[in-house]
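Coordinate analysis (summary)
One-letter residues, chain by chain:
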Amino acid sequence: MKNFLKYSVLVLITLFVSCKEEAEKPKVIYENSSKEQPQAKADTSKILVADLPVQMEGTSVLLFPIGEFAVQNRTAKAKYSSSERESFVVSNSNEYEITGYLSNIKFKQVGQDSLTILTNKPVLIERVTYLKSIADKTKKQFLVYVLEDMDSNKDGKLDSNDIKDLYISAIDGSNFKKLSVEFHEFIDWSVIESLNRLYFRTIEDINKNGAFDKEDKIHYYFVDLLDKDLKVVEYNPI
């Protein structure tokens with residue numbers, strides 16, 4: 001019984017230390033080093049997969065979500081059952097939104113054969129939302145993206161532990177534009193239909209400790225969706 005209690009205490013201490021180290025891991029590393037940053041090794045257990053196309057209601061564009069799919073215990077000559085084939089999914093979608101951990105999206109106009117790609121730079125797209133209410137009202141069709149676009153913690157990989165950003169594009173992926181400020185952590189966004197505005201918040205790590213907490217500064221912005229340049233305007237409600 002004593003040995004069991006000792007073992008349990010050791011396990012709890014190990015878990016506590018592990019969680020504490022994870023919690024204290026900075027989300028941003030600011031130091032500029034002259035040494036070249038190590039490149040992340042290619043993960044051979046993952047393959048790029050495109051999901052079946054998604055078409056948002058009232059649009060004439062197909063979206064093909066692309067992401068990495070984890071391959072486990074397979075060989076090149078392996079035969080897969082139908083259930084295994086059906087598991088090659090990298091995103092989830094509903095009427096006006098796509099979620100997942102996507103490395104890109106390709107677009108195809110209905111009636112055309114060519115595909116266009118959203119971006120040529122590394123990104124990790126977590127959520128894509130079609131602004132249906134704005135489209136119904138103004139005939140302008142936008143997609144809003146929550147994603148990571150840089151390895152902010154310099155751990156050699158792009159993942160959800162890096163800074164989140166807010167982007168926008170037209171329904172066909174053109175005019176892909178970053179709305180949030182570099183090194184600001186995106187918090188949330190909403191649309192005010194009566195003003196045709198997209199409002200969003202970010203937090204700035206003003207003490208440069210690599211974390212985003214109560215000691216830092218929250219910024220407030222809006223974008224007039226009828227503005228040709230989609231200019232980001234900062235405002236102060238406090």
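Everything discussed here concerns the structure shown above.
In this report, the structure presented in the accompanying data block is examined. (Residues numbered from 1 in each chain as written. Predicted model: local features only at pLDDT ≥ 70, side-chain atom pairs only at ≥ 80, totals over all residues. Heavy atoms only, no water.)

Focus on unusual backbone geometry
The general pattern is negative phi for most residues beyond glycine and trans for most peptide bonds. The residue K139 is not glycine, and still its phi comes out positive at about 70°. Positive phi is not limited to glycine here, since K154 has a value of about 50°. Structurally, K154 can be placed in the loop between β7 (142–148) and β8 (165–170). A residue is classified by how much of its surface remains accessible, and K154, at 34% relative accessible area, is partly exposed. (Helix = DSSP H or I, 4+ residues; strand = E, 2+ residues; numbered from the N terminus. Buried < 20%, exposed > 50% of the residue type's maximum accessible area, 1.4 Å probe, protein only.)

Let's talk about the side chain of D159
Here D159 shows up in the loop between β7 and β8. No salt bridge is formed by the buried D159; its nearest oppositely charged neighbour, K157, is found at 4.1 Å. In terms of polar contacts, D159 uses its side chain to reach the backbone amide nitrogen of N161, at 3.0 Å. Contact partners of D159, with chain neighbours within four places excluded, come to L124 and E148. (Lys, Arg positive; Asp, Glu negative; His and termini not counted. Salt bridge = Lys/Arg side-chain N within 4 Å of Asp/Glu carboxyl O. Polar contact = N/O pair within 3.5 Å; in protein donor to acceptor, adjacent residues only side chain to side chain. Contact = heavy atoms within 4.5 Å.)

Some details on the side chain of T202
By the secondary structure assignment, T202 is in strand β11 (residues 197–204). According to the relative accessible area criterion, T202 is buried, its value standing at 0%. Separated by 3.1 Å, the side chains of T202 and H184 make a polar contact.

Points about the packing of aromatic side chains
Considering all chains together, one arrives at ten aromatic pairs under this definition. Between the aromatic rings of F200 and Y221, the centroid separation amounts to 5.1 Å while the plane-to-plane angle is 20°, which identifies the pairing as stacked. Here F200 is found in strand β11, whereas its partner Y221 is found in strand β12 (residues 217–224), with 21 residues between them in sequence. Taken individually, F200 and Y221 each receive the classification buried, so the pair is uniform in this respect. The interplanar angle of 55° and the centroid separation of 5.9 Å between the aromatic rings of Y220 and Y235 together place this pair among those described as tilted. Of this pair, Y220 sits in strand β12 while Y235 is found in strand β13 (residues 232–235), placing the two residues 15 residues apart along the sequence. The class of Y220 is buried, set by a relative accessible area of 13%. Here the aromatic residues Y199, Y220, F222 and Y235 are joined through ring pairs into a cluster of three or more. (Phe/Tyr/Trp six-rings, centres within 6.5 Å; stacked < 30°, edge-to-face > 60°.)

Interpretation note: all reported values are geometric properties and have no functional meaning in isolation.
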